[in-house]
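Survey of secondary and tertiary structure
Chain by chain, the residues:
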Amino acid sequence: MFAFLAFPYSLLSQNSIKLPELQKLILQPGPIKVINFWATWCAPCVKEIPLFEKLNQEDKNSKVILVSMDYDLDPDPAKVKRFIERKKIQSEVVILAEENPNDWIEKIDKTWTGALPSTLVINPNSGKRKFIQGELKEGDLEKLIQEVSK
């Protein structure tokens, strides 16, 4: 019984991050980062997840991070965890535990309207970055990675 009650707390403490932690993760030196902002309730977000999963499996020179935006509408990390398990998502998933997106979205990218899905591709070593709002199609991620690699 205790393990069942402790599960949601451990998930919350393990996968939820605040904006400053996300910003550190984005700028951390290393491989090109592909950061997708999505939510379980967003149909186009769910539709493009296989593209990120494929990239995560095939491109070991890039790091895929899926940032769940579910917290703002429903701060229940167990729902996100169940979604991840049901979809068998292998990429790193974090829950952005921030309320009121209007207070912080421009800190991710000044052009971001808050639309989901949105994707940031950044080369932390050179500072080159691309930010795309809207659903990505097959081949888009590879082109974005190529652009920030130059």
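The coordinates are above.
A short tour of the structure in this document, coming up. Every residue gets a number counted from 1 within its own chain, in the order that chain's sequence is written. A pLDDT threshold of at least 70 governs which residues receive local features in this predicted model, and a stricter bar of 80 or more applies before side-chain atom pairs are shown or counted, although totals over entire chains, interfaces and linings include all residues. To get the side-chain values, take all heavy atoms of the structure and skip hydrogens and water.

By nonpolar core is meant a set of buried Ala, Val, Leu, Ile, Met, Phe, Trp, Tyr and Cys residues that side-chain atoms within 4.5 Å join together. Three labels apply to residues, based on accessible area from a 1.4 Å probe with only protein chains included: buried if under 20% of the type maximum, exposed if over 50%, partly exposed otherwise in between. In this structure, Val34 and Trp38 are the most contacted members of the largest nonpolar core, which totals 26 residues. Contributing elements (two or more residues each) for this core: β2 (32-38), α3 (43-58), β3 (62-68), α4 (77-87), β4 (92-96) and α6 (140-149). The way it works is that DSSP assigns letters per residue, a run of H or I at least four long becomes a helix, a run of E at least two long becomes a strand, and they are numbered from the N terminus. Tallying contributions element by element places α3 first for this core, with 5 residues. In this structure valine 34 touches Phe52, Leu55, Ser62, Lys63, Val64, Ile65, Thr119, Leu120, Val121, Leu141 and Ile145, once residues within four positions along its chain are discounted. If you look at the next biggest cluster of nonpolar residues, it comprises 19 residues, including Phe37, Trp104, Ile105 and Ile108. Should any heavy atoms of two residues lie within 4.5 Å, those residues are counted as being in contact.

With that settled, the discussion passes to the sheet that holds strand β6 (residues 129-133). Strands pair, by our definition, only if DSSP identifies at least two bridges between them. The strand order across the open sheet formed by 6 strands is β1-β4-β3-β2-β5-β6, and the pairing between neighbours is mixed. Two strands lie at the open edges of the sheet, namely β1 (16-17) and β6, each paired on one side alone. When β2 meets β3, the two strands line up parallel, connected through 7 bridges. Counted as the bridge partner of lysine 33 is lysine 63 from β3. To get an axis, a line is fitted to the C-alpha atoms, and for a helix only the part in contact is used. The angle between two axes follows their N-to-C directions and goes from 0 to 180 degrees. Sheet strands touched by helix α2 (residues 19-27): β1, β2, β3, β4 and β5 (118-122). Its angle to β2, the strand with the most contacts, is close to 145°.

To continue, consider the environment of glutamine 90. Considering the arrangement of structural elements, one finds glutamine 90 in the loop between α4 and β4. Looking at glutamine 90, the relative accessible area reads 56%, which means it is exposed. For the pair glutamine 90 and proline 44, spaced 46 residues apart in sequence, the C-alpha to C-alpha distance is 19 Å. Other than its neighbours up to four places away in sequence, glutamine 90 contacts Glu53, Asn56 and Gln57.

On to the pattern of salt bridges. The working definition used for a salt bridge is a side-chain nitrogen of Lys or Arg within 4 Å of a carboxyl oxygen of Asp or Glu. Under the defined criterion, the tally for this structure stands at 7 salt bridges. Salt bridges sharing partners connect three or more residues here, namely Lys47, Glu135 and Lys137.

Note that a disulfide, as used here, is simply two cysteine sulfur atoms within 2.5 Å. By the definition in use, this model includes 1 disulfide. Each sulfur of the disulfide joining cysteine 42 and cysteine 45 lies 2.3 Å from the other. With the S-S bond torsion at 75°, the cross-link from cysteine 42 to cysteine 45 turns out right-handed. Assigned by exposure class, cysteine 42 and cysteine 45 land together as buried.

Everything listed is a geometric property; what it means functionally is a separate question.
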